[in-house]
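# Topology and contacts: notes
Here is what each chain is made of, one letter per residue.
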Amino acid sequence: MVVDSRCDKTPDRNMALEFCRGTEAAAMAAGRWMGRGDKNSADGAAVNAMRYMLNTIHMDGIVVIGEGEKDEAPMLFNGEKLGTGDGPQVDIAVDPIDGTRLTALGLSGAISVVAIAPRGTMFDPKCVFYMDKLVVGPEAKDMVDIEAPVAENINRVAKAKKKDVCDVTVVVLDRPRHTDLIAEIREAGARIKLIPDGDIGGALLTCKSERGADMLMGIGGTPEAVITACAVKALGGGMQGKLWTRTEDEKNCAIGQGLDFSKVLSLDDLVSSDDVFFSATGITDGDFLTGVRYESERIKTSSLVMRSKSGTVRYVEAIHRPKKLDAISGIDYKDCR
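Notes on the structure in this doc start here. (Residues numbered from 1 in each chain as written. Predicted model: local features only at pLDDT ≥ 70, side-chain atom pairs only at ≥ 80, totals over all residues. Heavy atoms only, no water.)

### Overview of the pattern of salt bridges
Summed over all chains, the structure comprises 19 salt bridges. Salt-bridge contacts for Arg119 lead to Asp91; the nearest nitrogen and oxygen are separated by 3.7 Å. Taken together, the residues span a long stretch of sequence, with Arg119 in the loop between strand 4 (111-118) and strand 5 (130-136) and Asp91 in strand 3 (residues 89-98) at a distance of 28 residues. We note a salt bridge from Lys161 to Asp214, for which the minimum N-O separation is 2.8 Å. (Salt bridge = Lys/Arg side-chain N within 4 Å of Asp/Glu carboxyl O. Helix = DSSP H or I, 4+ residues; strand = E, 2+ residues; numbered from the N terminus.)

### Regarding the sheet that holds strand 6 (residues 169-173)
The mixed open sheet is built from six strands, whose spatial order is 7-6-8-5-9-10. At either margin of the open sheet sits one strand with a lone partner, and together these are strand 7 (191-195) and strand 10 (265-266). In this sheet, strand 8 (residues 215-221) lies alongside strand 6 in parallel orientation, the contact comprising two bridges. If you follow Val171 over to strand 8, its bridge partner there is Leu216. (Pairing = 2+ DSSP bridges.)

### Some details on the environment of Lys208
Here Lys208 shows up in the loop between helix 6 (199-205) and strand 8. Counting along the chain gives 70 residues from Lys208 to Pro138, while the straight-line C-alpha distance between them is 9.3 Å. Beyond its immediate chain neighbours, meaning those up to four positions away, Lys208 contacts Leu235 and Tyr315. (Contact = heavy atoms within 4.5 Å.)

### Comments concerning the environment of Ile283
Along the polypeptide, Ile283 turns up in the loop between strand 11 (277-282) and strand 12 (293-294). Separated by 185 residues in sequence, Ile283 and Asp98 have C-alpha atoms that sit 9.3 Å apart. When sequence neighbours within four positions are dropped, the list of residues in contact with Ile283 reads Ala27, Ala30, Gly31, Pro96, Ile97, Thr103, Ala110, Ile111, Ser112, Gly291 and Val292.

In structure tokens, the structure reads:
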């Protein structure tokens, strides 16, 4: 490779590669609890491992999207500071296990996720925990409108991707609240991929042509929406959202905090920076990442690492030696009690 001497731009730091160590650690710790029916222990193991690794990174980080307020520790709480305190100031969105129930039951699709962006660029959902979402891949990102009828959006995606409507696949969380949505999708003639949990992973499928999904629709978590937005921006896809609440009391509380339920939130509303980092590591086998593999003397992990500024997408297959890791870290990767 020849470097052009006229170019004075030196490649800067790709923090996603450092954050990958955090998702790997969380996945290795949580994976020990796969299928053991204990969601809390799995989540606690993932949180402790992720926190330890993220605190080794040279950054001044603050958790914008976490797992609750400080009084709910030991979870990674909203407002928690992470990193060494020096280095770039960043917002951090974490989900040590996207699919805690999937992990506890040994079902497919659980991942560990971290997203980061420059300070002040991530949407803060405050007290609103749900959002209506529409996610599509790069081909259809300028074609859809979350306020349009379901059938119209499906037809727009089919046109953008040059396929028949009956070949369009829509990812939907399997929830009672989606009964009407599912009926509309079926009436439009599209296919449906129902997922039990983990709509971050479901949204990623829309941006990977070989994974067999074209759209994600429906109501899911607002924190997951912000993390998803970081990944979708790195993959060049499109996303829109509208805040949603279960009760009028929740809605009135949110309005009092200045949130607008009529506004369509664009990808840039959810994360305004074009320099976003994202890392995900498989905990259980899924559609795009292999779950953690435990062998006698080593652990294997599979990760996805992305940066929106460069557009680079990396798949990282790693082999870890738990005996050596135990000697240099505060995490016991061999503990399966």
